[in-house]
Amino acid sequence: MYHLSSVASDDTGSYIEIVSRIAIHKRRVDADGLMSIAYLQLQADAVDGLVAALDPDALAPIKQLDLTGNNIGNDGVRKLVQALEHNRSCENLSVAVNQISSGALPDIARMIDPDYSLDVDEDCLCPPLQELQLRSNRLGSNTALCKSGFELVANALRSNESLRVLDLSCNSITGICAAPLFDSLTHNRTLQHLDLSWNQLGPGIAESIKAGLSSNNSLFTLRLGWCALGDEGVSSVCVGAQHGGSLSMLDLS
């Protein structure tokens, strides 16, 4: 593992220089392929330095990239997608706690869309991510952008065959925005763990959750704690979980 979270934030004078330094020492990535660049208060420009580190021809390919607790924002997500487009080794990505808002959802959809850019260059595809951590951002900050953005994410999930874990907890997401995600469960057969806890889903989304769970046989874990579903909403979700038959853990606290 190559880990840089111990570098003091006041030593980050040039974000690009620091991340480029990580790229230079790329060979120090261990067999597990984990590169952690967490809690450094890095800005979007720092992502530019990851291009070299994510070189698909590197001797020690990055399989897990942890950018938790920085400040890359929407621009950083866009640059990260571009950096990943020529890399097929990265399986786990965390951009949790990064001030990412609703406007980044189209780029997030690109990360998990298996058909993205096929019409341009079939060698220019985002990697088949297995885990995507987006907790504690601001994806629900703009209702209109959130709704249209999650429709794109849901469309990508319908044909995605690699993603196993998706964490969207603590993002101020409302029910009208999250509903398409549960609609996509009728088509998706690989997602196993979905976390939407600590969002503002409300009771109106319960029927969408019920319908999605009733026709899905791959989801093992669903976290919906502290989402204000209400008693009737919880009952509907439980009915859907019983019909689906695959859930082993359902959090409705």
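Preceding this section is the structure that the text describes.
Notes on the structure follow. Note that the coordinates shown come from a computational prediction; the quantities given were computed from them, not determined experimentally.

Conventions and cut-offs
Residues numbered from 1 in each chain as written. Predicted model: local features only at pLDDT ≥ 70, side-chain atom pairs only at ≥ 80, totals over all residues. Heavy atoms only, no water. Helix = DSSP H or I, 4+ residues; strand = E, 2+ residues; numbered from the N terminus. Buried < 20%, exposed > 50% of the residue type's maximum accessible area, 1.4 Å probe, protein only. Salt bridge = Lys/Arg side-chain N within 4 Å of Asp/Glu carboxyl O. Contact = heavy atoms within 4.5 Å. Axes fitted to C-alpha atoms, helices over the stretch in contact; angles between N-to-C directions. Parallel < 35°, antiparallel > 145°, perpendicular 65-115°, else oblique. Left-handed = near helix turned anticlockwise from the far one by under 90°. Nonpolar A, V, L, I, M, F, W, Y, C, P; charged D, E, K, R; others polar. Phe/Tyr/Trp six-rings, centres within 6.5 Å; stacked < 30°, edge-to-face > 60°. Polar contact = N/O pair within 3.5 Å; in protein donor to acceptor, adjacent residues only side chain to side chain.

### Examining unusual backbone geometry
In step 1: Notably, Val-97 is not glycine yet its phi reads approximately 55°, a positive angle.
In step 2: Its place among the elements puts Val-97 in the loop between β4 (92-94) and α4 (105-112).
In step 3: The exposure class assigned to Val-97 is partly exposed, which follows from its relative accessible area of 31%.
In step 4: The phi torsion at Ser-172 lies on the positive side, around 60°, for a residue other than glycine.

### Things to note about the pattern of salt bridges
In step 1: Following the criterion strictly, the structure yields five salt bridges and no others.
In step 2: Measuring nitrogen to oxygen at the nearest pair gives 3.0 Å for the salt bridge that ties Lys-79 to Asp-45. In this pair, Lys-79 sits in helix α3 (residues 73-84) while Asp-45 sits in the loop between β2 (34-36) and α2 (50-53), placing the two residues 34 residues apart along the sequence.
In step 3: You can call Lys-79 partly exposed: its relative accessible area is 22%.
In step 4: Asp-45 sits in the partly exposed class, given a relative accessible area of 41%.
In step 5: Three or more residues are tied together by salt bridges with common partners; here these are Asp-75, Arg-78, Asp-107 and Arg-110.

### Observations regarding the environment of Leu-247
In step 1: Tracing the sequence through the fold places Leu-247 in the loop between α8 (230-244) and β9 (249-251).
In step 2: Apart from residues lying up to four places away in sequence, Leu-247 is in contact with Leu-213, Leu-219, Phe-220, Thr-221, Leu-222 and Ala-241.

### Thoughts on the packing of helix α6 (residues 175-184) against helix α7 (residues 206-214)
In step 1: Packing of α6 against α7 leaves a shortest axis separation of 7 Å and a crossing angle of 15°. Judged on the interaxial angle alone, α7 and α6 are roughly parallel. Taken as a pair, α6 and α7 cross one another with a handedness that is left-handed. For the pair formed by α6 and α7, the contact residues are Ala-179, Phe-182 and Asp-183 on the first element and Ser-208, Ile-209 and Gly-212 on the second.
In step 2: Here the residues of the contact of α6 with α7 are counted per class, giving three nonpolar, two polar and one charged.

### Some points on the packing of aromatic side chains
In step 1: The tally for this structure, following the rule as stated, stands at one aromatic pair.
In step 2: With a centroid separation of 5.0 Å and 15° between ring planes, the pair formed by Trp-198 and Trp-226 is classed as stacked. Placement of Trp-198 in the loop between β7 (193-195) and α7 and of Trp-226 in the loop between β8 (221-223) and α8 is noted, with a sequence separation of 28 residues between them.

### A short note on the side chain of Ser-246
In step 1: Residue placement: Ser-246 occurs in the loop between α8 and β9.
In step 2: Of the polar contacts made by the side chain of Ser-246, one reaches the backbone oxygen of Leu-219; its length is 2.7 Å.
In step 3: Not counting residues up to four positions away in its chain, the partners in contact with Ser-246 are Asn-216, Asn-217, Ser-218, Leu-219 and Phe-220.

### Some details on the packing of α3 against α4
Each pair of packed helices can be described by the angle between their axes along with the distance between the axes.
In step 1: Two elements in contact, α3 and α4, have axes whose closest approach is 9 Å; the angle formed by their N-to-C orientations is 25°. Put simply, α3 runs roughly parallel to α4. Taken as a pair, α3 and α4 cross one another with a handedness that is left-handed. Of the residues in α4, those touching α3 at Val-77, Arg-78, Leu-80 and Val-81 are Asp-107, Ile-108, Arg-110 and Met-111.
In step 2: In the contact of α3 with α4, the residues fall into five nonpolar, no polar and three charged.

### Points about α4
Turn by turn, an α-helix covers 3.6 residues, leaving residues three or four places apart pointing in a common direction.
In step 1: In terms of burial, α4 is a largely internal element, seven of the eight residues being buried.
In step 2: All of the buried residues in α4 are Leu-105, Asp-107, Ile-108, Ala-109, Arg-110, Met-111 and Ile-112.
In step 3: Turning to α4, the residues buried within the fold contact α3, β4, β5 (131-133) and α5 (143-159).

All we've got here are geometric facts, nothing functional implied.
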